[in-house]
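A closer look at the structure
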Amino acid sequence: MTETSFIRNFCIIAHIDHGKSTLADRLLEETETLKAKDMKDQVLDSMDLERERGITIKSHPIQMKYVDSKKDIYTFNLIDTPGHVDFTYEVSRSLAACEGALLLVDAAQGVEAQTVSNTYLAIENDLEIIPIINKIDLPSARTNEVAQQIVELVGCSTDEIIYASAKTGKGIIDIFTSIIERIPPPQDRSKHPLRAMIFDSVHDKYKGAIPYVRIFDGVIKSGQTAKFFTHDKQYDITEVGHFILDQVPSKELRSGDVGYLLASIRDVSHILPGDTITSKDNPSKEPLEGFKDIKPMVFSGLYPTNSDDYDQLRIALEKLKLNDASLLFEPETSEALGFGFRCGFLGLLHMEIIQERLEREFDLSLVTTTPNVRYKVELKNETLVDVDTPAKMPLSGEINKIYEPIVSAEIITPKEYIGNIMTLCQKKRGKYKTTNYISSDKAQLHYDLPLAEIIFDFYDKLKSTSRGFASLDYNLKDYEISDLKKLEILINNEPVDALSIITHSADSYHRGVALCSKLKELIPRQMFDVPIQAALGTKIISRSTVKALKKNVTAKCYGGDITRKRKLWEKQKEGKKRMKSIGSVEIPQEALLAVLQIDSE
Amino acid sequence: MAKTNSGIYIHIPFCTIKCFYCDYSSTAGYDEDRLPLFFNSLSKEIEFYKDIAHNFIFDTIFIGGGTPSIINPKYIENIFNVLSINFDLSHATEITLEINPGEVALENLKTLKNIGVNRLSVGVQSFNNKILHFLTRNHKKRDIFRTIENARKSGFENINCDMIYNIPNQNQSTWKKDLTALIDLDIEHISCYSLVVERETELYQLVKSKDIKMPDNDNSCYLYKSAQEILGKKGFFQYEVTSWSKRNFECKHNYHYWNIDPCISFGPSAHGFYNGKRYWNVKNIDKYIDFISNERSPVESSEKLSDKDIANELLGFGIRTIEGLDLTKIPESKKNDVYFSIQNNLKKWGNFLIYCDQQLKLTKNGFLFADAIAVDLMI
């Protein structure tokens, strides 16, 4: 057991690619938590997908022992935070489990939007912030300028900044010293009734759902009965422990500790990030602050390409949900696509990750529909309904008002792109709020934007209009009344529910025209002419035709090279498996996402 | 194991010039002094196979290329001698050699006939001098007539002409004129091939750089249908997607390919198939010679076909012939999958696909969609 005064709980705040995982690796190596030879690069990112994309999706706490120059032994709990805009709430819970944060900024890239918003989250949670400029050995490093940005952001002096290179190890000792001297130890409140905050969880096939907890008050040990504040289920605790690299059981977890507990919890939805656990025998009256019931923001239909795989898809979604409580899904039927699921995600990245994991880890071939947001629709009879799929949008005659989600967005950009970005935000129906300069050449723009526009193609446009330099962060602000219309697409004279979209009135006409012409490109020629129409209500606003295919045969002399042809056929067959038959028209997956490809210029 | 009817293919990789659309392995021009070395290697390669030769009944031989007719026939004669020493050729009733118009003298044709060649395949491609020029062919219209005349004089009674359509600037009337001229030649067999843009050809580069625009799908469909109509009216029977013949003059050798029969193949880049294994030789002539002179096999690589591979090859190529695919040939382990696939596709391709008495075949109009249907049939 470590005395509370020798515990330091901290996290690392960094933008993607600013070197968080490399720094974490150096800390593990330096504390001999892991021998250099045993290390795969970037231990913390354990999922293949995380490694490939270079981002952290799930957070993994790790405990390290550090011996300082006075031979005092410290326990460091590094609580890793997910690094993307979609996971803001998860980040905030991880931050709440810490007393300090290492703010890691790339010496060449400088401060980015996400760094700013996470730093504000850390400040809100009263964390001690240790600013570090990483990669100072890069030829393109602009260390002084980046130091100014950091001073502006956290209000520190330049002396408080550590200059480091996680790659070469430069500055690592300074970081250790600062962790000990500047981050306060947790308060010892072990005499109080138990309050442990859940900041994450994993699911184990045999052990069930395993909450990761930070103990604020009291002591938790096996034999106690855990009681949760957000629901009335109780569980008997069978084991508690720390994270060294794996879970290592211990006698108890005390105030200030970070660890896990086992209690044969089968239902992952009983472990909500931010919830407080207390004990049944000596319960605390109040939960810890800050719990939010997190709601998905982006919705999309997921359908198996082969309808026989429906059950497999359901099982796969259930399995993913065990490790990801934020994933929501419910059965949905589409006239065009058959049986599938309407899924709710925290954001676009979250959606992509889930889709990719379903295909990779469960070997499913999926058809996905255009993502959309959840609208609140007030009907003429004054009832309010949530609409998270365009297909379910009530008829316009029944609608009184439609409200759409608005986010407050923060964009950080080098100043030469401000003009471009403002033009983009205007096109995307943004409302300008403020501009701040965080250094002589970097500005911070604030806009209110409809979330529907952000998930449309905003991020790609932002990146291209700023040559990749601008970064974006957003938070749901409110719902606002908006003039929205449902644009329907008819293929071969049949409305295709999976292709209909909800769009602002001002954009509806040109989006209809653009969709018709894009679909004409994306739908391969069939055995007959296929008309494609866009309709607003009963009015057809645009039409195009995919001409019939007259012939499909390679009239060539193959000689003996039969295998090459067979392989080509087989490859084309694989490609066709990803198509969906709508009526008698074969539609490729790209066509279902055509709306994301149309140029809204 | 019952012996199967099989083919022998010999690849002679030399041409006078390389046509700009051709992706077959061939070299424009050759060193006369190097020919003995090449043909020695070819003979040695044939000898490599003598031990497996008794497993097959060889009923066809096809000497292709390249342009085998530009080579002194004595080399061909020598190859036949080596073949007959190592293989039983007593069943070989169809022995074809490829020639180009204007590139073979009368006396050479006579020699070829005397040594046993009994079928000629002539690379006519077109009767239109402008189109022949566009195709970078080495011959003119008049060479075609003279060559066919000489072939007849030499005693050849089974002649095929290869034609090409779907050529940029070829309009419907030039194609119809080609077909009429062809019919007037009074030959036994006609193959009509569509110009296909293959990678690694000059044509590919020119299409990519937009210097050449290929005809569209509707146009090539029209040309194909007019071939079906015109040749059909004049007594040519279409027995395969690209092949027409007078009765009993179908090309037996090509049937070996479509039926997924064994075929032992020799020469650089040659593709062969036996004992369920496809193999292909190195393309480069020098490498080919090197390998063999070092007593090594010139096979670059080979692939054992799984039951699924065999089923898919049978499906894809079987439906290209008028008789269609004999489904009893599908490997037992894949029969259910194949029947399931057929049932699914009968719904979609009912107008074009016929399934009856263990035969699966296309209608005449179905030929137009042979590839689309093959893709859908793959298991």
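Residues numbered from 1 in each chain as written. Chains lettered and ligands numbered in written order. Predicted model: local features only at pLDDT ≥ 70, side-chain atom pairs only at ≥ 80, totals over all residues. Heavy atoms only, no water.

Counting its secondary structure elements, chain A contains 14 helices and 33 strands. Counting all 601 residues of chain A, 58% fall into the buried class. Contacts in chain A between residues at least 24 apart in sequence constitute 68% of all its contacts with a sequence separation of at least 6. Only carbon and sulfur atoms are counted for the fraction: they give 49% of the accessible area of chain A, which is about 25,700 Å². (Helix = DSSP H or I, 4+ residues; strand = E, 2+ residues; numbered from the N terminus. Buried < 20%, exposed > 50% of the residue type's maximum accessible area, 1.4 Å probe, protein only. Contact = heavy atoms within 4.5 Å. Areas by Shrake-Rupley, 256 points an atom, 1.4 Å probe, with all protein chains shown as cover.)

The helix and strand tally for chain B stands at 13 helices and 17 strands. By the burial criterion, 57% of the 379 residues in chain B qualify as buried.

What follows concerns the pairing of strand β25 (residues 442-450) of chain A. Residues and elements named next belong to chain A. The element β25 is extensively covered by neighbouring structure, given that eight of its nine residues are classed as buried. In terms of strand pairing, strand β23 (residues 399-414) meets β25 through nine bridges, oriented antiparallel. Looking at the pairing, Ile 412 lines up with Gln 444 of β25. With seven bridges connecting them, strand β24 (residues 431-439) and β25 associate as antiparallel partners. Among the inter-strand pairings, Thr 434 is bridged to a residue of β25, identified as His 446. Between the antiparallel neighbours β24 and β25 lie two residues. (Pairing = 2+ DSSP bridges.)

The next thing to look at is the interface of chain A and chain B. With 27 residues of chain A in contact, the opposing surface of chain B contributes 41 residues. Summed over both sides, the interface between chain A and chain B buries roughly 3,300 Å², with carbon and sulfur atoms accounting for 56% of that surface. Three residues stand out in chain A for area buried against chain B, namely Lys 551, Ile 562 and Trp 569 of chain A, and they jointly supply 22% of the buried area on that side. Run the count over chain A and chain B and you get eleven salt bridges. (Buried area = accessible area lost by both parts, 1.4 Å probe. Salt bridge = Lys/Arg side-chain N within 4 Å of Asp/Glu carboxyl O.)

Glancing now at the pairing of strand β13 (residues 247-250) of chain A. Residues and elements named next belong to chain A. With four bridges connecting them, strand β12 (residues 239-243) and β13 associate as antiparallel partners. Residue pairing for β13: Phe 243 is matched across the bridge by Gln 247. A loop of three residues connects β12 with β13, the two strands running antiparallel in sequence.

As a further point, take the environment of Pro 249 of chain A. Within the secondary structure, Pro 249 of chain A is located in strand β13. Ignoring sequence-local partners within four residues, the contact set of Pro 249 of chain A consists of Glu 239, Val 240, Gly 241 and Tyr 260 of chain A.

Turning to the layout of surface pockets, a few remarks are in order. Computed from the structure, the second largest pocket encloses a volume of approximately 1,800 Å³. Tallying contributions element by element places helix α12 (residues 335-349) of chain B first for the lining of the second largest pocket, with eight residues. (1 Å grid on protein atoms, 1.4 Å probe; cavity = no way out; pocket = protein on both sides within 12 Å on 5 of 7 lines; lining within 4 Å. Points joined across faces, edges and corners; volume = space filled by probe spheres on them.)

This brings us to the sheet that holds strand β11 (residues 234-236) of chain A. Residues and elements named next belong to chain A. Here eight strands make up an open sheet; going across it, the order is β11-β10-β16-β7-β8-β15-β12-β13 and the pairing antiparallel. With partners counted over all chains shown, the strands left at the sheet margins are β11 and β13, one partner each. Between one strand axis and the next, the sheet turns through 40° on average, direction left out of account. The sheet contact formed by strand β8 (residues 208-217) and strand β15 (residues 258-262) spans three bridges and is antiparallel. Note that in β15 the partner of Tyr 212 across the bridge is Tyr 260. (Axes fitted to C-alpha atoms, helices over the stretch in contact; angles between N-to-C directions.)

Turning next to helix α4 (residues 113-124) of chain A. Residues and elements named next belong to chain A. Given a rise of 1.5 Å per residue, twelve residues ought to cover 16 Å, and the 17 Å separating the end C-alpha atoms of α4 matches this to within 8%. Here α4 lies mainly inside the structure; nine of its twelve residues are buried. Among all positions in α4, only Ala 113, Gln 114, Thr 115, Val 116, Ser 117, Asn 118, Thr 119, Leu 121 and Ala 122 are buried. Once α4 finishes, Asp 126 follows within two positions and takes phi at roughly 60°, a positive value. (Expected span 1.5 Å × (residues − 1).)

It is worth spelling out the pattern of salt bridges at this point. For the structure on display, the rule yields 50 salt bridges over all chains. Ionic pairing is found between Asp 448 of chain A and Lys 477 of chain A, a salt bridge with its closest N-O pair at 2.5 Å. Within this pair, whereas Asp 448 of chain A is found in strand β25, its partner Lys 477 of chain A is found in strand β26 (residues 471-481), the two being separated by 29 residues in sequence. In this structure, Glu 586 of chain A engages Lys 576 of chain A in a salt bridge whose closest nitrogen and oxygen atoms are separated by 3.5 Å. Of this pair, Glu 586 of chain A sits in strand β33 (residues 585-588) while Lys 576 of chain A is found in helix α12 (residues 562-577), placing the two residues ten residues apart along the sequence. Residues joined in a network through salt bridges with shared partners are Arg 566, Lys 567 and Glu 570 of chain A together with Arg 278, Glu 303, Asp 309 and Glu 313 of chain B.

Right, let's get into the sheet that holds strand β15 (residues 325-326) of chain B. Residues and elements named next belong to chain B. Strand order in the open sheet formed by three strands is β15-β17-β16, and the pairing between neighbours is antiparallel. The strands lining the two open edges of the sheet, one partner per strand, are β15 and β16 (353-356). Note that β15 and strand β17 (residues 359-362) share two bridges and pair antiparallel. In the strand pairing of β17, Asp 326 is matched with Gln 359.

With that settled, the discussion passes to unusual backbone geometry. In this chain, Gly 65 of chain B is followed by Gly 66 of chain B through a cis amide linkage whose omega measures 20°. Position of Gly 66 of chain B among the secondary structure elements: in the loop between β4 (56-65) and α2 (73-86). Backbone geometry at Asn 493 of chain A places phi at a positive 70°, although glycine is not the residue there. Within the secondary structure, Asn 493 of chain A is located in the loop between β27 (484-491) and β28 (494-495). Phi is positive for Asp 357 of chain B, close to 50°, though the residue is something other than glycine. With respect to the helices and strands, Asp 357 of chain B occurs in the loop between β16 and β17.

Look at helix α11 (residues 505-522) of chain A: 25 Å from first C-alpha to last across 18 residues, which is about the 26 Å you get at 1.5 Å a residue. Most pronounced at Arg 511 of chain A, the bend in α11 of chain A amounts to some 30°. (Bend = angle between axes of the 7 residues up to and from the residue.)

All names here are of chain B. With 100% of its residues at a pLDDT of at least 70, chain B reaches an overall mean of 94. Ranking the helices and strands of chain B by mean pLDDT puts strand β10 (residues 243-245) first, with 97, and strand β3 (residues 27-28) last, with 84. Scored as a whole, the predicted complex attains pTM 0.66, and scored at its interfaces, ipTM 0.93. (pLDDT = per-residue confidence, 0-100.)

Looking now at the nonpolar core. Residues and elements named next belong to chain B. Membership of the largest hydrophobic core comes to 116 residues, with the highest contact counts inside it found for Leu 83 and Phe 266. When residues of this core are assigned to domains, at least three map to each of domain 1 (4-258) and domain 2 (324-373). In contact with Leu 83, other than residues within four places in its own chain, are Ile 8, Ile 10, Ile 46, Ile 61, Leu 89 and Phe 266. (Core = buried A, V, L, I, M, F, W, Y, C linked by side-chain atoms within 4.5 Å. Domains from an automatic or database assignment.)

Residue and element names in this part refer to chain B. For the structure shown, the criterion picks out 43 aromatic pairs over all chains. On the numbers, 4.7 Å between centres and 15° between planes, the contact of Phe 39 with Tyr 75 is stacked. A residue pair is termed long-range when its members are at least 10 positions apart, and Phe 39 in helix α1 (residues 35-48) and Tyr 75 in helix α2 qualify at 36 residues. For the pair shown, Phe 39 and Tyr 75 are each scored as buried. (Phe/Tyr/Trp six-rings, centres within 6.5 Å; stacked < 30°, edge-to-face > 60°.)

Residues and elements named next belong to chain A. Note on placement: Pro 405 falls in strand β23. Considered as a pair, Pro 405 and Tyr 375 are 30 residues apart in the sequence and their alpha carbons are 6.9 Å apart. With near-sequence residues (within four places) excluded, Pro 405 lies in contact with Val 373, Arg 374, Leu 449, Pro 450, Leu 451, Leu 476, Asp 478 and Tyr 479.

Take the environment of His 203 of chain A next. All names here are of chain A. Turning to its location among the elements, His 203 is positioned in strand β7 (residues 195-204). Considered as a pair, His 203 and Asp 324 are 121 residues apart in the sequence and their alpha carbons are 9.0 Å apart. Beyond its immediate chain neighbours, meaning those up to four positions away, His 203 contacts Gly 208, Ala 209, Leu 322 and Asn 323.

Residues and elements named next belong to chain B. In the contact formed by α12 and helix α13 (residues 370-377), the axes pass within 9 Å of each other and the chain directions differ by 140°. In this view, α12 runs oblique relative to α13, as classed from their interaxial angle. Note that α12 runs across α13; the crossing there is right-handed. Mapping the contact onto sequence places Ser 341, Ile 342, Asn 345, Lys 348 and Trp 349 in α12 and Ala 372, Ile 373, Asp 376 and Leu 377 in α13. Within the contact of α12 with α13, the residues separate by chemical class into five nonpolar, two polar and two charged. (Parallel < 35°, antiparallel > 145°, perpendicular 65-115°, else oblique. Left-handed = near helix turned anticlockwise from the far one by under 90°. Nonpolar A, V, L, I, M, F, W, Y, C, P; charged D, E, K, R; others polar.)

Right, let's talk about the side chain of Asn 134 of chain A for a bit. Residues and elements named next belong to chain A. Mapped onto the fold, Asn 134 is located in strand β5 (residues 128-134). Accessibility expressed as a relative area gives 3% for Asn 134, which makes it buried. From its side chain, Asn 134 meets the backbone nitrogen of Ala 166 in a polar contact 2.9 Å long. Apart from the residues lying within four places of it in its own chain, the contact partners of Asn 134 are His 18, Gly 19, Leu 104, Val 105, Asp 106, Ala 107, Ala 164, Ser 165 and Ala 166. (Polar contact = N/O pair within 3.5 Å; in protein donor to acceptor, adjacent residues only side chain to side chain.)

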